Amino acid sequence: MSNNIVNNYASTIVTIFADVVKNYERNLEIIKQAEDELNDLSHEIELSSPKDMYKGYLVYKEIRDIRIRRRIAKEENELLKDMYDYFISPNGQTFKGKIQSIQGNSVKIRNSQEQRTYRPRQRNDLTITDKHTVVNKPFEELLNEFNKNKVHMKNGKMRK
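Residues numbered from 1 in each chain as written. Predicted model: local features only at pLDDT ≥ 70, side-chain atom pairs only at ≥ 80, totals over all residues. Heavy atoms only, no water.

Engineer: It is not clear to me how the packing of aromatic side chains should be interpreted in this structure. Could you clarify?
Structural biologist: How two aromatic rings sit relative to each other is set out by the distance from centre to centre and by the angle between their planes. One pass over the structure, following the stated rule, counts five aromatic pairs. Ring centres of Tyr-24 and Tyr-84 lie 4.0 Å apart, and the angle between their planes is 15 degrees; this geometry places the pair in the stacked category. Here the residue Tyr-24 occupies a position in helix α1 (residues 5–47), and Tyr-84 occupies one in helix α2 (residues 53–88), the gap between them amounting to 60 residues. Here Tyr-24 matches Tyr-84 in class, with each residue buried. Members of the aromatic cluster, joined through ring pairs, are Phe-17, Tyr-86, Phe-87 and Phe-95. (Phe/Tyr/Trp six-rings, centres within 6.5 Å; stacked < 30°, edge-to-face > 60°. Helix = DSSP H or I, 4+ residues; strand = E, 2+ residues; numbered from the N terminus. Buried < 20%, exposed > 50% of the residue type's maximum accessible area, 1.4 Å probe, protein only.)

Engineer: Would you explain α1 in this entry?
Structural biologist: One turn of an α-helix holds 3.6 residues; hence residues three or four places apart share an orientation. Over its 43 residues, α1 extends 62 Å from the first C-alpha to the last, a length consistent with the 63 Å expected when each residue adds 1.5 Å. Among the residues of α1, Asn-7, Ala-10, Val-14, Phe-17, Val-20, Tyr-24, Asn-27, Ile-31, Ala-34, Leu-38 and Leu-41 are the ones counted as buried. (Expected span 1.5 Å × (residues − 1).)

Engineer: Can you walk me through α2 in this structure?
Structural biologist: Under the 1.5 Å per step criterion, the end-to-end length of α2 is 49 Å for 36 residues, consistent within 8% with the ideal 52 Å. For α2, the principal kink sits at Leu-80 and spans about 55 degrees. Looking only at α2, the buried set comprises Val-59, Ile-66, Arg-70, Ala-73, Asn-77, Leu-80, Tyr-84 and Phe-87. Packed against the buried residues of α2 are α1 and α3 (90–115). The backbone nitrogen of Tyr-54 has a side-chain oxygen 3.1 Å away, supplied by the residue at the start of α2, namely Asp-52. (Bend = angle between axes of the 7 residues up to and from the residue. Contact = heavy atoms within 4.5 Å. Polar contact = N/O pair within 3.5 Å; in protein donor to acceptor, adjacent residues only side chain to side chain.)

Engineer: What's the story with the nonpolar core in this structure? I'm lost.
Structural biologist: Across soluble globular proteins, nonpolar side chains have a tendency to be buried as a group. Grouped together as the largest cluster of nonpolar side chains are six residues: Phe-17, Val-20, Tyr-24, Leu-80, Tyr-84 and Phe-87. Within the residue set of this core, elements represented by two or more residues are α1 and α2. Among residues more than four places away in sequence, those in contact with Val-20 are Leu-80, Met-83, Tyr-84 and Phe-87. (Core = buried A, V, L, I, M, F, W, Y, C linked by side-chain atoms within 4.5 Å.)

Laid out in structure tokens, this is it:
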């Protein structure tokens, strides 16, 4: 099937929905795991015999690495929270369903467009009877082709 711009946009939106939810929930797991590891290390410090400087440094390094991993996940979730809350809400799910409905409809419309033929209504001397239409390329595709072949200046010389 040829290019369907609405299908492409809808796929992108649905992918964003899935990625936001997946990343937010993955970050929650990372935060939980990091907190459990930090708790284990705190108990190691509290309940084990004292460590020499090198072993103490290794525990410090582990704690630091875990806290950095936890901080990255927390800060990303802080940014994602509003999107996540909307996407899992009834309104967000309704919106996602509408986008998927629009996407499905666009596929039907595009298939219909590709099968469309023309029959002259009045004239029978034309050569276009039962010919399929040639659909123009979407703007984005035309722009990409233009940019590939665009002439530009480099070091004072025209380049392709």
